[in-house]
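One letter stands for each residue in the lines below.
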Amino acid sequence: MPDRLRVEVEGRQLEISNLDKVLYPQVGFTKAEVIDYYTRVGPTLLTHLAGRPLTRTRYPNGVDGNSFFEKNAPAGTPDWIRTVRLPVPGSTKSREKIDFILVEELAAVVWLANLAALELHTPQWRVDDDGRALDPDQLVVDLDPGPPAGLPECYEVALLLRERLAADGLSGCPKTSGKKGMQLVVPLPGDETADEISAYAKAVADELARAHAGLIVSKMAKQLRPGKVFIDWSQNNAFKTTVAPYSLRAGARPTVSAPLTWDEVEAGRLTAADLTPSAVLDRLDDLGDLLAR
């Protein structure tokens with residue numbers, strides 16, 4: 001395989017490189033396969049990334065090598081990729097604002113894949129055409145199991161959450177995190193602030209933790225979590241991000257944060273390992289995008 005290759009993606013000229021580099025050593029999954037997956041899932045992925053300032057976790061030497069978390073637009077960002085300058089409270093580099101990228105076309109997805117940006121993370125809100133942050137258009141509840149609890153316990157909690165949210169006229173779509181837990185994504189009309197949504201999510205989490213104390217915890221203290229599922233309501237904080245639907249995850253094997261049907265949650269049989277890139281592409285062909293509105 002050539003060391004560098006010029007490609008055209010929807011009229012954009014890109015250079016991709018080191019295609020035979022193995023990024024997931026345990027299974028020999030290469031950079032070429034990462035780019036192929038993101039190219040094929042890209043049209044669906046874009047509907048979930050568009051307008052959302054993107055944070056990436058990059059693994060230039062594969063999942064067993066050093067990685068880094070990247071919010072700012074890196075050096076060499078193509079001039080056709082839109083950026084937006086936003087505040088970053090609590091920045092470890094003492095920056096008040098940084099330039100985030102917005103991924104709104106397939107060529108940008110391929111460009112990121114070539115940078116070994118395996119994991120893609122987004123906030124629950126978008127920006128408008130002028131780069132101003134809008135109110136959140138979704139509520140996300142993260143279910144984080146404390147060992148020995150795992151995905152089966154998360155499924156159980158997701159069903160309890162579905163019932164509780166339905167009482168308030170809300171419904172959502174479950175998805176795996178791609179690792180040990182899962183999320184519930186609930187569409188919103190976009191007329192409430194992040195603080196209001198976060199307060200609501202916390203109230204629901206606290207209520208379920210009281211009603212199911214042997215299964216659920218809503219406090220962040222890690223010593224409370226063993227054998228239980230932490231309902232992380234804080235994902236709705238304006239400055240928090242959640243792994244995007246259809247993003248790869250950087251485990252020993254390539255897995256995907258994939259939407260599920262409620263029938264699959266009720267059956268409780270799917271594992272993160274079942275949701276490989278090829279399996280998720282097949283699911284898209286068979287089921288479509290379960291998160292489509």
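Residues numbered from 1 in each chain as written. Predicted model: local features only at pLDDT ≥ 70, side-chain atom pairs only at ≥ 80, totals over all residues. Heavy atoms only, no water.

1. Some details on the packing of aromatic side chains
Here is step 1 of the chain: Counting across every chain of the model gives 2 aromatic pairs.
Here is step 2 of the chain: Arranged with centres 5.7 Å apart and planes meeting at 80°, the rings of Y24 and F29 form a pair that is edge-to-face. The residues Y24 and F29 share a single accessibility class, namely buried.
Here is step 3 of the chain: One residue, R162, lies across the ring of W262, its end atom 4.7 Å from the ring centre. (Phe/Tyr/Trp six-rings, centres within 6.5 Å; stacked < 30°, edge-to-face > 60°. Buried < 20%, exposed > 50% of the residue type's maximum accessible area, 1.4 Å probe, protein only. Lys NZ or Arg CZ within 6 Å of the ring centre and 35° of its normal.)

2. Notes on the sheet that holds strand β12 (residues 182–187)
Here is step 1 of the chain: Spatially, the 5 strands line up as an open sheet ordered β11-β12-β10-β14-β13, and their pairing is mixed. Here the strands that pair on one side only, and so sit at the sheet edges, are β11 (173–176) and β13 (216–217).
Here is step 2 of the chain: Here 4 bridges tie strand β10 (residues 138–145) to strand β14 (residues 229–232), and the two strands are oriented antiparallel to one another. By the bridge assignment for β14, L143 is matched with I231. (Pairing = 2+ DSSP bridges. Helix = DSSP H or I, 4+ residues; strand = E, 2+ residues; numbered from the N terminus.)

3. Things to note about the pattern of salt bridges
Here is step 1 of the chain: All told, the structure shown has 20 salt bridges when counted by the stated rule.
Here is step 2 of the chain: With a closest N to O distance of 3.4 Å, R82 and E104 form a salt bridge. Linking R82 in the loop between β6 (68–70) and β7 (83–87) with E104 in the loop between β8 (97–101) and α2 (106–114), this pair joins segments that are 22 residues apart in sequence.
Here is step 3 of the chain: Among the residues examined, R82 registers a relative accessible area of 26% and is labelled partly exposed.
Here is step 4 of the chain: Accessibility expressed as a relative area gives 37% for E104, which makes it partly exposed.
Here is step 5 of the chain: Taking the shortest distance from any N to any O, the salt bridge between R164 and D168 comes out at 2.8 Å.
Here is step 6 of the chain: For D168, a relative accessible area of 39% puts it in the partly exposed group.
Here is step 7 of the chain: What emerges from the salt-bridge pattern is a single network uniting R52, R126 and D137. (Salt bridge = Lys/Arg side-chain N within 4 Å of Asp/Glu carboxyl O.)

4. Quick word on helix α6 (residues 277–287)
Here is step 1 of the chain: All of the buried residues along α6 are P277, V280, L281, R283 and L284. End-on, the buried residues of α6 take up no more than an arc of 155°, which puts them together on one face. Residues of α6 that are exposed and point more than 90 degrees away from the buried face comprise D285 and D286.
Here is step 2 of the chain: On its buried face, α6 sits against β4 (29–30), α1 (31–49), β16 (248–250), β17 (254–256) and α5 (262–267).
Here is step 3 of the chain: Phi turns positive one or two residues past the end of α6, at G288, with a value near 70°. (Arc of directions from axis to C-beta. Contact = heavy atoms within 4.5 Å.)

5. A short note on the pairing of strand β1 (residues 4–9)
Here is step 1 of the chain: Both β1 and strand β2 (residues 12–17) contribute to a ladder of 6 bridges, which runs antiparallel. Across the sheet, residue R4 finds its bridge partner in β2, namely S17.

6. A short note on the nonpolar core
Here is step 1 of the chain: V34, Y37, Y38, V103, L120 and L143 are the most contacted members of the largest nonpolar core, which has 73 residues in total.
Here is step 2 of the chain: Residue contacts for L143: discarding those within four places in its chain leaves C154, V157, A158, L161, G181, M182, V229, F230 and I231. (Core = buried A, V, L, I, M, F, W, Y, C linked by side-chain atoms within 4.5 Å.)

7. Considerations on unusual backbone geometry
Here is step 1 of the chain: A cis amide bond links P147 with the next residue in sequence, P148, at an omega value of 10°.
Here is step 2 of the chain: With respect to the secondary-structure elements, P148 resides in the loop between β10 and α3 (151–166).
Here is step 3 of the chain: With a phi angle near 60°, A116 is a residue other than glycine that sits in the positive phi range.
Here is step 4 of the chain: You can see A116 is positioned in the loop between α2 and β9 (117–122).
Here is step 5 of the chain: Backbone geometry at Y246 places phi at a positive 75°, although glycine is not the residue there.
Here is step 6 of the chain: Within the secondary structure layout, Y246 lies in the loop between β15 (242–243) and β16.

8. Considerations on helix α4 (residues 194–211)
Here is step 1 of the chain: End to end, α4 covers 26 Å across 18 residues, agreeing with the expected 26 Å (1.5 Å per residue, within 8%).
Here is step 2 of the chain: The complete set of buried residues in α4 reads A194, I197, S198, A201, V204, A205, D206, L208 and A209. (Expected span 1.5 Å × (residues − 1).)

9. As for a negative patch on the surface
Here is step 1 of the chain: Among the surface-exposed residues, D135, D191, E192, D195 and E196 lie close enough to one another that they form a single negatively charged patch.
Here is step 2 of the chain: Looking at where E192 falls in the secondary structure, it is placed in the loop between β12 and α4. (Patch = residues over 30% accessible without salt bridge, like charges linked within 9 Å, V, L, I, M, F, W, Y side chains within 5 Å. Areas by Shrake-Rupley, 256 points an atom, 1.4 Å probe, with all protein chains shown as cover. Lys, Arg positive; Asp, Glu negative; His and termini not counted. Charge placed at Lys NZ, Arg CZ, Asp CG, Glu CD.)

10. Notes on the sheet that holds β6
Note: strands within a sheet are paired through backbone hydrogen bonds, in either parallel or antiparallel orientation.
Here is step 1 of the chain: If you walk across this open sheet you meet the 4 strands as β6-β5-β9-β15, and the pairing is antiparallel. Two strands lie at the open edges of the sheet, namely β6 and β15, each paired on one side alone.
Here is step 2 of the chain: Across 2 bridges, β9 lies against β15 in antiparallel orientation. Its bridge partner being in β15, T122 is matched across the sheet by T242.

Coordinates in, geometry out; function isn't part of it.
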